[in-house]
Amino acid sequence: MPDGINIDYDGLIPNNVDLAGDARVRKALETWHPGYIDWWKDMGPEGFQESLVYLRTAIGVDPKGWAKFDYVKMPDYKWGILLAPKVEGRTIPFGKHKGEPAWQEVPGEYRAMLRRLITVQGDTEPASVEQQRHLGATAPSLYDLRNLFQVNVEEGRHLWAMVYLLHKYFGNDGREEAEELLARRSGHQDTPRMLGAFNEATPDWLSFFMFTFFTDRDGKMQLEALAQSGFDPLSRTCRFMLTEEAHHMFVGDSGVQRVVERTVEAMRDADITDPHDIAAIRALGVIDLPTIQKKINLHFSLTLDLFGNEISTNAANAFNAGIKGRYREDKLEDDHALLDATYPVLRHVNGQFVTEEVPALSALNLRLRNDYVQDCISGVTRWNRVIEKAGIGFKLALPHVAFNRAIGEFAGIHTDIDGNILDEAVWQAARDGMLPNDDDAAYITSLMVPVTENGKFAGWIAPPKMGIDNKPGDFEYVQIVA
Ligand code: BYC
């Protein structure tokens, strides 16, 4: 009998939601399953479907011991439906229903809103797998290859998580949305993924690390906000997804750090102190710090767009309804209704930046974005420590929030990375110095040569400090089968 903690592995779909006792949803998901496997084989990691990958698989939802590691062929990975345990007596933590019992069914009046949020969340998961599907061919080590695949299978599981909610709570509409989640394609001209950044290419491993640092961190923030939801099944689903998400951000954070480490080490060995001597640094086969900065500029700005408009009625409505909260809503000390509160918003008005106090309810996208920026800063600070320790006079930084934006207050303007407004001609001339250009891309591509020998790493990235699951440095994380 499922107890909400242990997972039922008997059927086709591992779960802790008693699928065995819910014939309708089980059948719906079993019908969806072949299409998912087809999608995974077509759009999942290219060239490694037969390989044995040392993956962690969830075996429970207890935070103290939820996963086990073993060699798995990715198409055989146990994509399961796992919700964090129910909190008895949970109430809606914010909005106009604050204090009422959390909903176990979808409230009719918020059906469309919930369906949209769940679909948007679901859409990002397969999108990222599609974006990363070619990276296996150029992995800098078996350790990194395994981490890529771990991220990929878990994004696949996150799609399952949202598809379960759609099938269970949204009837025919949910079924249709679930089908469409398998039909859209990242970057496709006619059927693209829903949000901008998920249609961008992830052409190389530095982009992958930036993506997992910056864009997966948007995932964390959005999941944190949805984990607060008064719709309890969504809250529980997101809470468990966050357990997995932490590793994805670790991959990005430590990945960028290892690139920086290797660069400053090579510079030191070659007695190069000028971080802007790009030709000399590239001759060492490592990625110069200014190019790393450009990648930060690109991925940070693309990800900021994912927070939507700074001033948003959708966000206000979702909060008021008790559907989507703030980051760590349960730790905040205010009235959790925000009806009289205001929030400062940086706006672009008549060619100038001005800070305006606006109703806090309508500024919730910005508030989440601000929390996100704080979270990003801690990573950049860690990377800078590596540079500082090596005695190199260079500091990585996040660009200004108005830089390179396509959504929100700054969509119609150009700025440099410090936020100085530029006219079109100056922007066009300066762009290549602030965002990765063709030369940068060609150089980085030239480094992307696969390394598949146990314990060996490409010359542009340092080995990690520790193995996964405490494995030794020469562990065979992927047994490659061509
Ligand atoms: N691109 O009021 P507005 C993750 C649309 S990442 C395209 O400003 P709202 C992951 C918007 O949909 C986290 N369109 O926005 C990471 C709306 O359209 P409609 C994913 C955009 O609704 C790595 C219109 O503009 N989860 O998990 O307040 C790997 C006006 O909207 C964009 C979520 O995002 C854009 N960037 O906020 C794997 C959580 N931005 O409805 C996974 C669920 C806005 O008028 N989603 N629009 O046609 C949401 O909470 C909200 O949909 C958004 C937008 C925050 C995305």
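Preceding this paragraph is the structure being described.
Reference entry: report on the structure contained in this document. (Residues numbered from 1 in each chain as written. Predicted model: local features only at pLDDT ≥ 70, side-chain atom pairs only at ≥ 80, totals over all residues. Heavy atoms only, no water.)

### Description of the packing of helix α1 (residues 23–43) against helix α3 (residues 142–169)
The condition that has to hold: In this analysis, axes come from line fits to C-alpha atoms, helices being fitted only over the stretch in contact, and the angle between any two N-to-C directions falls in the range 0 to 180 degrees. Where helices and strands are cited, they refer to DSSP runs of H or I of at least four residues and of E of at least two residues respectively, numbered from the N terminus. Definitions for this section: a left-handed crossing has its near helix turned counterclockwise from the far helix by less than a right angle. A right-handed crossing has that turn clockwise. Here, two residues are considered to be in contact whenever any of their heavy atoms come within 4.5 Å of each other. Each residue gets one label: Ala, Val, Leu, Ile, Met, Phe, Trp, Tyr, Cys and Pro are nonpolar, Asp, Glu, Lys and Arg are charged, and the others, such as Gly, are polar.
For the pair α1 and α3, interaxial distance at closest approach is 11 Å and the crossing angle is 145°. The chirality of how α1 crosses α3 is right-handed. Residues Arg24, Val25, Ala28, Leu29, Trp32, His33, Tyr36 and Trp40 of α1 form the contact with α3, whose own contacting residues are Asn152, Val153, Gly156, Arg157, Leu159, Trp160, Val163, Tyr164, His167 and Lys168. A per-class count over the contact of α1 with α3 returns 11 nonpolar, 4 polar and 3 charged.

### Brief notes about the pairing of strand β4 (residues 352–359)
What counts is decided by this rule: Two strands form a pair only when DSSP identifies at least two bridges running between them.
Looking at chain direction, strand β3 (residues 342–349) and β4 are connected through 8 bridges and run antiparallel. Residue pairing across strands places His348 opposite Phe353, the latter belonging to β4. Between β3 and β4, which follow one another and run antiparallel, lie 2 residues, and Asn350 among them has a positive phi close to 50°.

### Brief notes about the site of the ligand
Where we set the bar: Nearness is defined per residue: one heavy atom within 4 Å of the molecule or strand is enough. Counting of polar contacts relies on pairs of N or O atoms within 3.5 Å, with two restrictions inside protein: one atom must be capable of donating a hydrogen and the other of accepting it, and residues adjacent in sequence are counted only when both atoms are side-chain atoms. All accessible-area figures derive from a Shrake-Rupley calculation using a 1.4 Å probe, and residue coverage is judged against the displayed protein chains alone.
Not every one of the 29 residues close to the ligand is listed here, only the nearest: Arg116, Gln121, Asn309, Ser312 and Lys324. Take Gln121: an N or O atom from its side chain is 2.6 Å from a nitrogen atom of the ligand. A distance of 2.5 Å separates an oxygen atom of the ligand from a polar side-chain atom of Asn309. Starting from 1000 Å² of accessible surface for the ligand in isolation, the protein chains cover 80%.

### Quick notes on unusual backbone geometry
As a reminder, the rule being used: Burial classification: accessible surface area is computed with a 1.4 Å probe over protein chains only, and a residue below 20% of its type maximum counts as buried, one above 50% as exposed, and the rest as partly exposed.
At Asp18, a residue that is not glycine, the phi angle is positive and equals roughly 55°. Checked against the element boundaries, Asp18 lands in the segment before α1. For Asp18, a relative accessible area of 29% corresponds to the partly exposed category. Despite not being glycine, Asp469 has its phi angle at roughly 55°, a positive value. Look at Asp469 and you get partly exposed, because its relative accessible area is 35%.

### A word on the sheet that holds strand β1 (residues 52–58)
Consider a sheet: its strands pair through backbone hydrogen bonds, and that pairing is either parallel or antiparallel. Strand order in this open sheet of 3 strands is β2-β1-β7, and the pairing throughout is antiparallel. Of all the strands in the sheet, the pair left with one neighbour each is β2 (67–73) and β7 (478–479). Where β1 meets β2, 7 bridges bridge the pair, whose relative direction is antiparallel. For Leu55, the partnering residue across the bridge sits in β2 and is Asp70. Packing of α3 onto the sheet brings it into contact with β1, β2 and β7, and relative to β1 it is tilted by some 45°.

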